[in-house]
Amino acid sequence: MPKIYIIDVTNRDGVQTAKLGLSKLEKTMINLYLSEMGVFQSEFGFPTTRHETNYLRANLRLAELGVISPLRLEGWLRAISSDVELGFKMVPGLKHVNLSISTSRQMIDGKFKGKKSRRDIINEMTAAVDTAYRLGAETVGVNAEDASRTDIDYLIEYGQAAKAHGAVRLRYCDTLGYDDPFSIYEAGQALAKGVALPIELHCHGDLGMAVANSVAGARGVIDGGQDAYINTTLNGIGERAGNADLVATVLALTKSKSFAGKYELGQPIDLTKSWKIAKFASYAFGVPIPINQPGVGANAFAHESGIHADGVLKDPHNYELYGFEELGRGDPEMVETGREICAGEYSGISGFSHIMGERMSWHFKDKEEAQEILELVRYANVLSHKPLVEDELLFIARYPHTAKRLLTMTPLGSAEPDPILGTDSRL
């Protein structure tokens with residue numbers, strides 16, 4: 001039977017959320033956490049965007065050296081040959097890309113204002129696919145923006161053209177959250193049969209159905225005989241009402257009545273990492289986890305009413321579909337109520353050395369190394385506007401050269417970034 005894979009798009013769609021954003025170090029930490037969790041691929045950014053260049057190149061280097069592994073890193077580009085050429089020029093190590101163009105009549109008329117025909121859309125997409133492979137891409141996926149408002153016959157024609165030029169997947173975008181579980185099941189099955197390519201499901205929550213649509217669409221694709229790839233974001237953060245939440249989607253795929261034991265994940269997902277990654281995303285974005293968020297919300301395992309409390313104490317399965325331990329929850333959280341030494345943009349060497357040594361058992365070889373790492377930590381705090389978590393401090397200490405790249409912004413500099421690394425073993 002075909003399988004289901006997860007492609008997380010937090011570092012592309014999540015960061016496009018109005019009024020929110022992430023530092024390049026925070027985006028890197030998310031890639032590391034996604035890799036630890038077992039996610040297949042991260043759509044990690046925009047290769048044609050100047051301020052992303054150092055981050056993208058640094059993360060590709062981390063992947064090359066096995067620091068980010070087995071997660072694959074995929075760049076997002078418009079399906080325009082000139083954009084593809086620019087993306088590969090700015091980030092020459094790219095191996096996996098997704099190329100996007102709008103396909104609905106609404107977008108062709110309302111966005112392109114009649115300047116493009118349906119045939120033009122297909123021609124531009126296929127030319128972009130050809131360009132990506134010519135420049136060294138290993139896999140190219142094509143993205144049908146506003147697919148849920150595109151007639152299915154045209155989507156099949158579009159997908160078949162992409163396949164003929166070597167595309168490995170067709171992304172079906174429910175860009176406005178317009179689908180429902182029934183309509184997206186039918187679309188997924190029809191595309192899987194008509195195009196004979198794996199299908200990605202990219203769903204938004206404008207009508208509150210992003211997770212439901214994602215799993216229903218995946219079922220349709222599998223029933224159509226192809227692998228399904230579901231796009232998710234951490235805590236569902238995304239444009240407007242958000243995307244399908246990673247943890248909730250995996251829970252739906254592994255715990256729900258008609259999926260558990262019947263449909264398989266292509267790669268095992270370590271759900272015990274859920275609590276950690278959800279908390280980090282909440283802290284990094286500055287958005288609290290909703291109290292009723294599946295799996296990771298404060299009330300996900302809280303019981304007050306007499307009948308429920310009595311029942312769960314007798315047997316947790318009475319009122320809990322899955323255990324909190326499965327999500328990596330259960331450990332007490334420590335809150336400092338006395339003296340606290342923090343690492344920030346104005347920290348000194350004494351306090352910083354105390355934090356790294358006493359709290360994290362990290363010892364520098366000499367004062368010069370400690371001063372170098374402290375300077376990077378100061379800059380990281382300037383960019384994130386908040387204290388760094390322990391994993392971020394340890395990342396900077398382990399990979400100072402990469403951290404320097406992530407913290408470097410050159411808005412008026414050359415369009416040709418320097419190579420990421422020489423032979424610095426510390427990255």
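Higher on the page you've got the structure.
Criteria and cut-off values
- Residues numbered from 1 in each chain as written.
- Predicted model: local features only at pLDDT ≥ 70, side-chain atom pairs only at ≥ 80, totals over all residues.
- Heavy atoms only, no water.
- Helix = DSSP H or I, 4+ residues; strand = E, 2+ residues; numbered from the N terminus.
- Expected span 1.5 Å × (residues − 1).
- Buried < 20%, exposed > 50% of the residue type's maximum accessible area, 1.4 Å probe, protein only.
- Arc of directions from axis to C-beta.
- Contact = heavy atoms within 4.5 Å.
- Pairing = 2+ DSSP bridges.
- Axes fitted to C-alpha atoms, helices over the stretch in contact; angles between N-to-C directions.

**Digging into helix α7 (residues 181-195)**
- If you check α7, its first and last C-alpha atoms are 21 Å apart, about what 15 residues at 1.5 Å a residue would give, namely 21 Å.
- Of the residues making up α7, those classed as buried are I184, A187, G188, L191, A192 and V195. The buried residues of α7 occupy an angular sector of 125 degrees when the element is viewed end-on, so they sit on one face. Of the exposed residues in α7, those oriented more than 90 degrees away from the buried face are F182, E186 and K193.
- Taken together, the buried residues of α7 touch α6 (152-164), β6 (169-174), β7 (199-203) and α8 (210-223).

**Let's talk about the sheet that holds strand β5 (residues 139-145)**
- Spatial ordering of the closed barrel is given by β1-β2-β3-β4-β5-β6-β7-β8, a layout of eight strands whose pairing is parallel. Strand-to-strand twist across the sheet, computed as the mean angle between neighbouring axes with direction ignored, equals 30 degrees.
- In this structure, β6 lies alongside β7, joined through five bridges in parallel fashion. Across the sheet, L170 pairs through a bridge with I199, a residue of β7.
- Across the sheet, α8 touches β1 (4-8), β6, β7 and β8 (228-232), and the angle it forms with β7 is around 165 degrees.

**What about the environment of T150?**
- In this structure, T150 sits in the loop between β5 and α6.
- For the pair T150 and C173, spaced 23 residues apart in sequence, the C-alpha separation works out to 10.0 Å.
- What T150 contacts, discounting residues up to four positions off in sequence, is T103, S104, E145 and L155.

**Description of unusual backbone geometry**
- The peptide bond linking S69 to P70 adopts the cis configuration, its omega dihedral lying at 10 degrees.
- Take P70: it is sitting in the loop between α2 (53-64) and β3 (72-78).
- Backbone geometry places K113, a non-glycine residue, at a positive phi of 55 degrees.
- Mapped onto the fold, K113 is located in the loop between α4 (105-110) and α5 (118-134).
- The class for K113 is exposed, based on a relative accessible area of 62%.
- Its identity as a non-glycine residue notwithstanding, N235 has a phi of 60 degrees, on the positive side.
- Checked against the element boundaries, N235 lands in the loop between β8 and α9 (246-255).
- A relative accessible area of 14% means that N235 is categorised as buried.

Fair warning: the whole summary comes from geometry, so function is off the table for now.
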